[in-house]
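Letter by letter, the chains look like this.
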Amino acid sequence: MGRIKMQTFTAVLHKEEDMYVAECPEVGTVSQGETIEEAIANLKEATELYLDEFPLKEKERKTLMTTFECQNLGKFQEKK
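Numbers given to residues run from 1 along each chain, matching the order in which its sequence is written. Only residues with pLDDT of 70 or above have their local features reported here, since the model is predicted, and side-chain atom pairs are shown and tallied only from 80 upward, although totals for entire chains, interfaces and linings are computed over all residues. Processing note: side-chain calculations cover all non-hydrogen atoms of the structure and skip hydrogens and water entirely.

Enquirer: For this particular structure, what's the right way to read a nonpolar patch on the surface?
Expert: A residue counts toward a patch only above 30% relative accessible area and without a salt bridge, and it is joined to like-charged neighbours within 9 Å or, for Val, Leu, Ile, Met, Phe, Trp and Tyr, to nonpolar neighbours within 5 Å. Residue burial considers only the protein chains on display, and all accessible areas are found by Shrake-Rupley using a 1.4 Å probe. We define a salt bridge as a contact between a side-chain nitrogen of Lys or Arg and a carboxyl oxygen of Asp or Glu at a distance within 4 Å. On the surface, Leu 13, Ile 36 and Ile 40 cluster together into a nonpolar patch covering about 210 Å² of accessible area. Note on conventions: DSSP H or I runs of at least 4 residues are helices, E runs of at least 2 residues are strands, and numbering of each starts at the N terminus. Among the structural elements, Ile 40 can be located in helix 1 (residues 36–53).

Dropping the structure here:
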């Protein structure tokens, strides 16, 4: 039996109405849950199932995360 290699991935979460949506940017998997913990647990399961079928090569895992500023021109713009 092969050795199981543990890997650490990133979870990005946001709230949509009454659900939390969790995304793993390194793999591209997405899941949801009623709580943050449930969303992360569901994301972990979805990511493990995906990686069983489509394993990542070590050189494919080069995710960079940053922030950027954007002018808010949408409906949340401050009213004068």
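Enquirer: Can you help me understand the side chain of Thr 47 in this one?
Expert: Relative to the elements of secondary structure, Thr 47 occurs in helix 1. According to the relative accessible area criterion, Thr 47 is buried, its value standing at 7%. At 2.8 Å, the side chain of Thr 47 and the backbone oxygen of Leu 43 are in polar contact. Whether two residues touch is decided by their heavy atoms; if any such pair falls within 4.5 Å, the residues are in contact. Once you skip the residues sitting within four places of it in the chain, Thr 47 turns out to touch Cys 24, Val 27 and Thr 29. Here the term buried applies to any residue with accessible area under 20% of the maximum for its type, exposed to any over 50%, and partly exposed to those in between, with areas from a 1.4 Å probe on protein chains only. Here a polar contact is taken to be a pair of N or O atoms separated by no more than 3.5 Å, where protein atoms must pair a possible hydrogen donor with a possible acceptor and residues adjacent in sequence count only if both atoms sit in side chains.

Enquirer: Teacher, can you tell me more about the layout of surface pockets here?
Expert: Unfilled space is identified by rolling a water-sized probe across the atoms. Cavities and pockets are defined on a 1 Å grid built over the protein atoms alone: a cavity is a set of grid points where a 1.4 Å probe fits but cannot escape, while a pocket is an open set with protein on both sides within 12 Å along at least five of seven lines, and lining residues are those with an atom within 4 Å of any such point. Grid points are joined across faces, edges and corners, and a volume is the space filled by probe spheres set on the points. As a volume, the largest pocket reaches approximately 590 Å³. As for the largest pocket, its lining consists of 19 residues, and the residues nearest its centre are Gln 7, Phe 9, Thr 47, Glu 48 and Leu 51. When residues in the lining of the largest pocket are grouped by element, the largest group, eight residues, is from helix 1. Nonpolar residues are Ala, Val, Leu, Ile, Met, Phe, Trp, Tyr, Cys and Pro. Charged residues are Asp, Glu, Lys and Arg, and all others, Gly as well, are polar. Among the residues making up the lining of the largest pocket, the classes are represented as 10 nonpolar, four polar and five charged.

Enquirer: Would you take a moment to explain unusual backbone geometry for this structure?
Expert: What is expected of a backbone is that most residues other than glycine have negative phi and most peptide bonds are trans. Phi angles above zero are rare outside glycine, and Glu 17 is one such case at about 55°. By secondary structure assignment, the location of Glu 17 is in the loop between strand 1 (12–16) and strand 2 (19–24).

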